[in-house]
Amino acid sequence: MVGNIRRGGPHCFTRPGTMPGCWEGCTALGGKTWSSDGGHHAIKGFAFQFDASLLQVLTNPGVAVEIEGAQDIGVRTFHIQVKHRSTSYSLSRIARAVRQMMSQFATDSTLGFALYGHFPDRTPGETLRINREELETALGKFSDDYSNDIKDWFTKSFEVIFAPDFVSQFSSVLDHLKRTLRARSEAEALCWHAVIHGYLRDVILKRPLGERSITLRDLRDLVHRARTAVFEASYAQVCGHEKYLRLIREEYKSVTAHVPPRERLILVECDDQTHPLDLVDVAVCLQRRYFAGESPAPYVCFRGPIGLLSIKHALWQQRVHFHDGFDYGGAEFSVQSLVSPRLPGHGIKLVDPLVLAQLVGHVKMNEVHDFYLTEPTGNLSPDARVRHVIVQSPSDLCEVFKSGGSGVKR
């Protein structure tokens, strides 16, 4: 089992050799020039990086782990780079990573660093510290950029930890997925492994530098949503759409006569076959279900290719009144007007998808209900209780929320 990082003098790991990390990149492979087999090594390097990052999250509950930040992995004040090499260890093979970490250490000497790397001539679990002379050799022409004190401190805050190979680390990942995320079989662990890799890739590609931290809770929520989506899609296919809708309706069935007073955001995905009048019916069902007693009007967002103006026109024609954050024709959007409208509540707060981020930054949502056709939305409100439900069309919501009482099952 991978141990947590501990502090105290020189930084080290509670169980040397089982600490995963992240590789420096795929521009240098084993110290060799690019070869015809470079693609194989690059793909292997990417996979090794993801698994290393994943293990860090799985073995540090309650801690936000940064991936692809200042270094490849950051856990609290500890930063890690990793290499997966097919050649023997030498100081020259880690010099580039040492220079990069030394540069960051010079700006904050409270940080600890490790290079976690697989070299076939080294035993997994073996650790190594470099001395001042070796550090200066690795720094090369950059050695004079740092004072002797800084270099001495770095040698006490940096170590090389020799890692197991790619296959052994992958096996460790699957074991942790079984234990920590309760995968019930090897096949399910492989499924969650693929889902999580896609999530980590999106974190790296879509989030800016400094905002790429994830936690074990994020992974648990991700797997829960994936497991629910797989079950629901399979249930609908095997048992039929009508039985599936009854199942979902049962989940939303009222157990009390009152609606808990909570802020709710309801997302409804549309396609080019959706008619505006279908959405009028959906809006009325949501209004009847959630706008009752002291419960505030729900925020409803229809996303997809259908134009918001046509939805508003259809609602107005059917005399279904709503708030949308515009006080009058031609006025600029005001999130405050949407949140606290001046007129009496109409039961629906219609949200343009373009202002969703602004809204959730202004209002703390208690619940988010995402009814989707093809792809669920991302996690817009991290503190909210989120429910993703796949449907065949927006009209399915009328079956889910048809008359029979108010409230949601809790």
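The coordinates are above.
First, a word on what this report is: a plain description of the structure on this page. (Residues numbered from 1 in each chain as written. Predicted model: local features only at pLDDT ≥ 70, side-chain atom pairs only at ≥ 80, totals over all residues. Heavy atoms only, no water.)

## Points about the pairing of strand β6 (residues 112-118)
Here is the rule we go by: Remark: exposure states derive from per-residue accessible area (1.4 Å probe, protein chains only) relative to the maximum for the residue type, with buried under 20%, exposed over 50%, and partly exposed in between. A run of H or I in DSSP becomes a helix once it reaches four residues, and a run of E becomes a strand once it reaches two; helices and strands are each numbered from the N terminus.
In terms of residue burial, β6 counts as a mostly covered element, since seven of its seven residues are buried. On β6, burial covers both faces: G112, A114, Y116 and H118 on one face and F113, L115 and G117 on the other are all buried.

## Looking at the side chain of K312
Our working rule: Only heavy atoms matter for contacts: two residues are in contact if any of them lie within 4.5 Å across the pair.
Tracing the backbone shows K312 in helix α10 (residues 308-317). Not counting residues within four places of it along the chain, the set of residues in contact with K312 comprises F322, D324, F326 and L350.

## Remarks on the packing of helix α3 (residues 132-139) against helix α4 (residues 148-157)
The criterion, for reference: The angle between two axes is taken between their N-to-C directions and runs from 0 to 180 degrees, where each axis is a line fitted to C-alpha atoms and a helix contributes only its stretch in contact. Reported orientations rely on four angle classes, namely roughly parallel under 35 degrees, roughly antiparallel over 145, roughly perpendicular from 65 to 115, and oblique for the rest. Throughout this entry, Asp, Glu, Lys and Arg are counted as charged residues, while Ala, Val, Leu, Ile, Met, Phe, Trp, Tyr, Cys and Pro are counted as nonpolar. The remaining residues, Gly among them, count as polar.
Interaxial distance between α3 and α4 falls to 10 Å at its minimum, and their mutual angle equals 105 degrees. By the angle between their directions, the pair α3 and α4 is classed as roughly perpendicular. Between α3 and α4, the residues in contact are R132, L135, E136 and L139 and N148, K151, D152, F154 and T155, respectively. Residues of the contact of α3 with α4, tallied by class, amount to three nonpolar, two polar and four charged.

## Quick notes on the packing of aromatic side chains
Rule in force here: What counts as a ring pair is set by centres within 6.5 Å for rings of Phe, Tyr and Trp (its six-membered ring), and what kind of pair is set by the plane angle: stacked under 30 degrees, edge-to-face over 60, tilted for all other angles.
For the coordinates displayed, the defined rule picks out 12 aromatic pairs. Geometrically, the ring pair formed by F113 and F154 is tilted, given 6.2 Å between the ring centres and 45 degrees between the ring planes. Of this pair, F113 sits in strand β6 while F154 sits in helix α4, and the two are 41 residues apart along the sequence. You can call F113 buried: its relative accessible area is 0%. When the centroid spacing of 5.2 Å and the interplanar angle of 10 degrees are considered together, the rings of F154 and F158 count as stacked.

## As for the nonpolar core
What counts here: Only buried residues count toward a nonpolar core. Its members are Ala, Val, Leu, Ile, Met, Phe, Trp, Tyr and Cys residues joined through side-chain atoms within 4.5 Å.
The biggest cluster of nonpolar side chains holds 34 residues, and the ones touching the most others in it are Y252, L286, F302, L315, F371 and F401. Elements with a minimum of two residues in this core: α8 (241-251), β10 (264-269), α9 (276-290), β11 (299-303), α10 and α13 (396-400). If one sorts the elements of this core by residue count, α9 sits on top with eight residues. When neighbours within four sequence positions are excluded, L315 is seen to be in contact with V280, A283, V320, F322 and L350. Core analysis: the second largest hydrophobic core is formed by 27 residues, I67, L216, L219 and V223 among them.

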